[in-house]
Amino acid sequence: MKIILIGFMGSGKSSVAGKLSNLFNWPVIEMDQLVLEKTKSKNMDALFAKGGELLLRETELALSEEIASFKESIISTGGGVVLNKIILERLKEPKGKIFFLRASFKTLSMRLANDASRPLFKDILEAESLYNFRQPLYLKAADHVIDADQKTVEEIAEEIFQKAR
Ligand code: S3P
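Residues numbered from 1 in each chain as written. Predicted model: local features only at pLDDT ≥ 70, side-chain atom pairs only at ≥ 80, totals over all residues. Heavy atoms only, no water.

If you look the protein up in an unreviewed UniProt entry, it shows as Shikimate kinase from Candidatus Criblamydia sequanensis CRIB-18. Quoted verbatim from the Function (unreviewed entry) field of the UniProt record, the comment on the protein reads "Catalyzes the specific phosphorylation of the 3-hydroxyl group of shikimic acid using ATP as a cosubstrate." Quoted straight from UniProt, the Sequence similarities (unreviewed entry) entry for the protein says "Belongs to the shikimate kinase family." (UniProt positions renumbered as here; feature names shortened; annotations may be inferred.)

Set out below in structure tokens:
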């Protein structure tokens, strides 16, 4: 089985994936990291400078084909994978459960206030409208919704661990 974590930037996917990896004893697949490796980019800004958002989305799509065959693993996705149905279908194959880490925009924007590493979170108003646009997509894709606002990384990981078993 695969555990797939989805959610907006700053929702804690990578940190929770690390905890889940210990609980399940499965490896973490960090999609953003693999995208950077595949495109030989040192960070997301460099990737966007090279090929814009299109390069990111094309690389995520190619990567999802490779990940589809993985077995027991924790997949930490980039916040935009819900834009592509094919990626979601591939991630779920053969057996995958999607967990949406839901947090309020207020929480996310406070977390990312001093983090300049995300090209799509540079303008707060644009980020908020992207957040609003994406919420129904995360909900539709999710097998489980985890309210992440008031919980620690450990609590979220434990909740997912119980729900996945
Ligand atoms: C993006 C989210 C980022 C990264 C890229 C675009 C998005 O990943 O893939 O900057 O479209 O939401 P995180 O959700 O891990 O920050």
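Having seen it, we continue.
What the rule picks out here adds up to 10 salt bridges. Between E159 and K151 there is a salt bridge, with the nearest N and O atoms lying 3.0 Å from each other. By relative accessible area, E159 is classed as partly exposed at 22%. Salt bridges linked by common partners bring E53, R57 and E60 together as one network. (Salt bridge = Lys/Arg side-chain N within 4 Å of Asp/Glu carboxyl O. Buried < 20%, exposed > 50% of the residue type's maximum accessible area, 1.4 Å probe, protein only.)

Attention now goes to the sheet that holds strand β3 (residues 73-76). For sheets, the rule is that strands pair by backbone hydrogen bonds, running either parallel or antiparallel. The strand order β2-β3-β1-β4-β5 describes an open sheet built from 5 strands, whose pairing is parallel. The open sheet terminates on both sides in strands that have one partner only, identified here as β2 (28-30) and β5 (144-147). The sheet shows a mean angle of 25 degrees between the axes of neighbouring strands, taken without regard to direction. Of the pairings in the sheet, the one linking β2 to β3 comprises 3 bridges and is parallel in character. Bridging across to β3, I29 finds its partner in I75. On top of the sheet, helix α6 (residues 124-141) reaches β1 (2-6), β4 (96-102) and β5; it is set at about 145 degrees to β4, its chief contact. (Pairing = 2+ DSSP bridges. Helix = DSSP H or I, 4+ residues; strand = E, 2+ residues; numbered from the N terminus. Axes fitted to C-alpha atoms, helices over the stretch in contact; angles between N-to-C directions. Contact = heavy atoms within 4.5 Å.)

Attention now goes to the UniProt feature "binding site: ATP" (unreviewed entry) in the protein. Residues given the UniProt feature "binding site: ATP" (unreviewed entry) here are G10, S11, G12, K13, S14, S15 and R118. Note on S14: relative accessible area 40%, which makes it partly exposed. Contact partners of S14, with chain neighbours within four places excluded, come to E30 and S76. Along the polypeptide, R118 turns up in the loop between α5 (105-111) and α6. By relative accessible area, R118 is classed as partly exposed at 25%. Setting aside chain neighbours within four positions, we find R118 in contact with M9, G10 and L112.

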